[in-house]
Amino acid sequence: MIVIMKQDATLEQINNVVEKLKRHGFGIHLSKGTERTVIGAIGDKSAIELETIQILPGVSEIVNIRKPYKLASREFKPEDSQIKILKDVFIGSKNPIFVIAGPCSIESRDQIFTIADDVKSAGAKGIRGGAFKPRTSPYSFQGMGEEGLKLLRSVKKKTGLPVVTEALDTRTVSLVAEYADIIQIGARNMQNFELLKEVGKLRKPVLLKRGMSATIEELLMSAEYIMSEGNNNVILCERGLRTISKYTRNTLDISAVPVIKKYSHLPVVIDPSHGTGNWEFVIPMAMAAVAAGCDGLIIEVHNRPEEALSDGPQSLKPDTFAELMKKIKRIANAIGREA
Ligand code: PEP
Ligand code: MN
């Protein structure tokens, strides 16, 4: 449930309600908005007479959250969340569309530096690159590991772009967190609950990708795992579902944007690269995603896609990425946003 405090409630009154709820075993998540303070109380409601909370000074109303996800739900937080990536850089709400671009995998110093310069000059706001890769075959390139993370750090130093990179397991998550500005949890790990709890203990933004056959409710429950540990900085990512589709790698669920936005306040990013698996389809789907109201895009870009060690066929060349940026700017402007 959530306890909504009156607009003029004092700090003392808020603390009083929090203390009482804690004494009855509730976990507390305080959200101080500009309009009002909301106290999220997660726990067993039968442990307390709700009237004894309702009559406390400063309490406006008590709202029951019916959805199984609580902190991630719009009932809990009606206004869109914005998440801080760096000083003065935010994603979500009314902020410009946050475009993350870069190779699937970091392959060499030269490769990541060249691509980073190119995507930055085309207008990307973040650089992506996997150092630990979840590959279908154990014989495929598994990523450069910490060496790749170090390259990302130098790229950030040179370009100022925040870094998005994947944490594959609980063993290496703290290492990845030292280097990442946004920790990516991949589709295959969306329900790796131990990993979700670990990133939940951090305070860094997390890009949580939807599993390839996960429902939106399951995605929001995974976000809830992270948020229930205290990390509210969750960005949701739709990256395509496994379907009967033959001409695309996955079926990109653009409807996930308005659906998630109906039920959750969290920012939504679309990944048209994994969503289609073919570079030729990336620009139209990126435009559609922006038109549908997404908060960001994550795009695979490679300077030599034909030689890429992973996901070459879906990677844009830098000049095509620059074209994408121009086209999505026009779409964003048409719907009253910036990109
Ligand atoms: C990736 O971003 O390169 C990746 C492996 O994505 P996903 O987890 O969506 O397959
Ligand atoms: Mn990839």
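Residues numbered from 1 in each chain as written. Chains lettered and ligands numbered in written order. Predicted model: local features only at pLDDT ≥ 70, side-chain atom pairs only at ≥ 80, totals over all residues. Heavy atoms only, no water.

Visitor: What is the right way to read the overall build of the protein from this model?
Guide: For the protein, the count of helices and strands is 11 helices and 14 strands. In terms of C-alpha radius of gyration, the protein reaches 21 Å, essentially the compact-globule figure of 20 Å for 339 residues. The C-alpha extent of the protein, read off along each of the three principal axes, is 65 × 45 × 45 Å. Considering the protein as a whole, with its 339 residues, one finds that 54% of them fall into the buried category. A fraction of 67% describes how many contacts in the protein between residues 6 or more apart in sequence connect residues 24 or more apart. Element-wise, carbon and sulfur atoms account for 51% of the exposed surface of the protein, whose accessible area totals about 15,100 Å². Here the protein contributes 47 positively and 40 negatively charged side chains, and the mean placements of these two sets differ by 2 Å. (Helix = DSSP H or I, 4+ residues; strand = E, 2+ residues; numbered from the N terminus. Rg over C-alpha atoms; globule rule 2.2 N^0.38 Å. Buried < 20%, exposed > 50% of the residue type's maximum accessible area, 1.4 Å probe, protein only. Contact = heavy atoms within 4.5 Å. Areas by Shrake-Rupley, 256 points an atom, 1.4 Å probe, with all protein chains shown as cover. Lys, Arg positive; Asp, Glu negative; His and termini not counted. Charge placed at Lys NZ, Arg CZ, Asp CG, Glu CD.)

Visitor: Sorry, what's going on with the site of ligand 1 here?
Guide: The environment of ligand 1 is formed by 13 residues, the closest being Arg-128, Gln-184, Ala-187, Arg-188 and Arg-239. Within the side chain of Glu-300, a nitrogen or oxygen atom sits 3.3 Å from an oxygen atom of ligand 1. For the shell around ligand 1, a count of residues per class yields 3 nonpolar, 3 polar and 7 charged. (Near = heavy atom within 4 Å. Polar contact = N/O pair within 3.5 Å; in protein donor to acceptor, adjacent residues only side chain to side chain. Nonpolar A, V, L, I, M, F, W, Y, C, P; charged D, E, K, R; others polar.)

Visitor: Teacher, can you tell me more about the domain arrangement of the protein here?
Guide: Accessible area lost upon the coming together of the parts is a frequently used measure of interface size. Parsing the protein into structural domains produces domain 1 (2–63) and domain 2 (82–334). Computed from C-alpha atoms alone, the centre-to-centre distance between domain 1 and domain 2 is 36 Å. (Domains from an automatic or database assignment.)

Visitor: How should the packing of helix 3 (residues 109–122) against helix 11 (residues 318–334) be read in this particular structure?
Guide: The packing of two helices is summarised by the inter-axis angle and the distance between the axes. For the pair helix 3 and helix 11, interaxial distance at closest approach is 9 Å and the crossing angle is 25 degrees. Taken together, the axis directions place helix 3 and helix 11 in an arrangement best described as roughly parallel. Read as a crossing pair, helix 3 and helix 11 show a hand that is right-handed. Of the residues in helix 11, those in contact with Asp-118, Val-119 and Ala-122 of helix 3 are Pro-318, Phe-321, Ala-322 and Met-325. For the contact of helix 3 with helix 11, a count of residues per class yields 6 nonpolar, no polar and 1 charged. (Axes fitted to C-alpha atoms, helices over the stretch in contact; angles between N-to-C directions. Parallel < 35°, antiparallel > 145°, perpendicular 65-115°, else oblique. Left-handed = near helix turned anticlockwise from the far one by under 90°.)

Visitor: Can you help me understand the coordination of the manganese ion (ligand 2) in this one?
Guide: Each pair of donors in an ideal octahedron of six around a metal sits at 90 or 180 degrees, and each pair in an ideal tetrahedron of four sits at 109.5 degrees. Surrounding the manganese ion (ligand 2) are the protein donor atoms Cys-104 (SG), His-274 (NE2), Glu-300 (OE) and Asp-311 (OD), which sit 2.0 to 2.4 Å from the metal. Sequence positions of the donors to the manganese ion (ligand 2) reduce to the motif C-x169-H-x25-E-x10-D. Here Cys-104, found in the loop between strand 7 (98–102) and helix 3, pairs with Asp-311, found in the loop between strand 14 (296–300) and helix 11; they are 207 residues apart in sequence, far enough to count as distant. For Asp-311, a relative accessible area of 18% translates into the label buried. (Donors = N, O, S within 2.8 Å, 3.2 Å for Na, K, Ca; no water.)

Visitor: Just checking my understanding: could you explain unusual backbone geometry for this structure?
Guide: Trans peptide bonds make up most of the peptide bonds, and negative phi angles are found at most residues other than glycine. A positive phi angle, near 65 degrees, is found at Asp-88, a position not held by glycine. Considering the arrangement of structural elements, one finds Asp-88 in the loop between strand 5 (83–86) and strand 6 (89–91). Not every positive phi belongs to a glycine, and Ser-93 is a case in point at roughly 60 degrees.

Visitor: How should the nonpolar core be read in this particular structure?
Guide: If you look at soluble globular proteins, the nonpolar side chains tend to sit buried side by side. Leu-208, Leu-236, Leu-297, Ile-299, Phe-321, Leu-324 and Ile-328 are the most contacted members of the largest nonpolar core, which totals 76 residues. Counting contributing residues, this core receives three or more from each of domain 1 (2–63) and domain 2 (82–334). With 16 residues, the next largest nonpolar core counts Val-3, Ile-14, Val-59 and Ile-62 among its residues. (Core = buried A, V, L, I, M, F, W, Y, C linked by side-chain atoms within 4.5 Å.)

Visitor: How should I be thinking about the packing of aromatic side chains in this particular structure?
Guide: Between two aromatic rings, the relevant description is the distance of the centres plus the angle of the planes. One pass over the full model with this rule turns up 1 aromatic pair. Centre to centre, the rings of Phe-193 and Tyr-225 are 4.5 Å apart; their planes meet at 25 degrees, and the pair counts as stacked. In this pair, Phe-193 sits in helix 6 (residues 193–201) while Tyr-225 sits in helix 7 (residues 216–228), placing the two residues 32 residues apart along the sequence. (Phe/Tyr/Trp six-rings, centres within 6.5 Å; stacked < 30°, edge-to-face > 60°.)

Visitor: Can you help me understand the pattern of salt bridges in this one?
Guide: When their charged atoms lie close together, side chains carrying opposite charge are able to pair. Considering all chains together, one arrives at 16 salt bridges under this definition. Between Lys-201 and Glu-198 there is a salt bridge; the shortest N-O distance is 3.1 Å. One end of the pair, Lys-201, and the other, Glu-198, are both in helix 6, 3 residues apart, so they sit about a helical turn from each other. A relative accessible area of 29% means that Glu-198 is categorised as partly exposed. Three or more residues joined by partner-sharing salt bridges are found here, namely Arg-210, Glu-238 and Asp-253. (Salt bridge = Lys/Arg side-chain N within 4 Å of Asp/Glu carboxyl O.)

Visitor: Whenever I open this one, the sheet that holds strand 7 confuses me. Can you help?
Guide: By way of backbone hydrogen bonds, the strands of a sheet pair with one another, either parallel or antiparallel. Spatial ordering of the closed barrel is given by 7-8-9-10-11-12-13-14, a layout of 8 strands whose pairing is parallel. Across this sheet, the average inter-strand angle for adjacent strands is 25 degrees, counted without regard to direction. Alignment of strand 9 (residues 163–166) against strand 10 (residues 182–185), held across 3 bridges, turns out to be parallel. The residue of strand 10 that forms the bridge with Thr-165 is Ile-183. (Pairing = 2+ DSSP bridges.)

Visitor: Just to check I follow, could you spell out the UniProt feature "domain: DAHP synthetase I/KDSA" (unreviewed entry) in the protein for this structure?
Guide: The UniProt entry lists residues 83–330 under the feature "domain: DAHP synthetase I/KDSA" (unreviewed entry), expressed in the numbering used here. Split by type, residues 83–330 is 38% helix and 16% strand. Its first and last C-alpha atoms lie 24 Å apart. (UniProt positions renumbered as here; feature names shortened; annotations may be inferred.)

Visitor: What is the right way to look at helix 3 in this model?
Guide: Each α-helix turn comprises 3.6 residues. Residues three or four places apart therefore point the same way. Its 14 residues place the ends of helix 3 20 Å apart at the C-alpha level, agreeing with the 20 Å of an ideal helix rising 1.5 Å per residue. Among all positions of helix 3, only Gln-111, Ile-112, Phe-113, Ile-115, Ala-116, Val-119 and Ala-122 are buried. (Expected span 1.5 Å × (residues − 1).)

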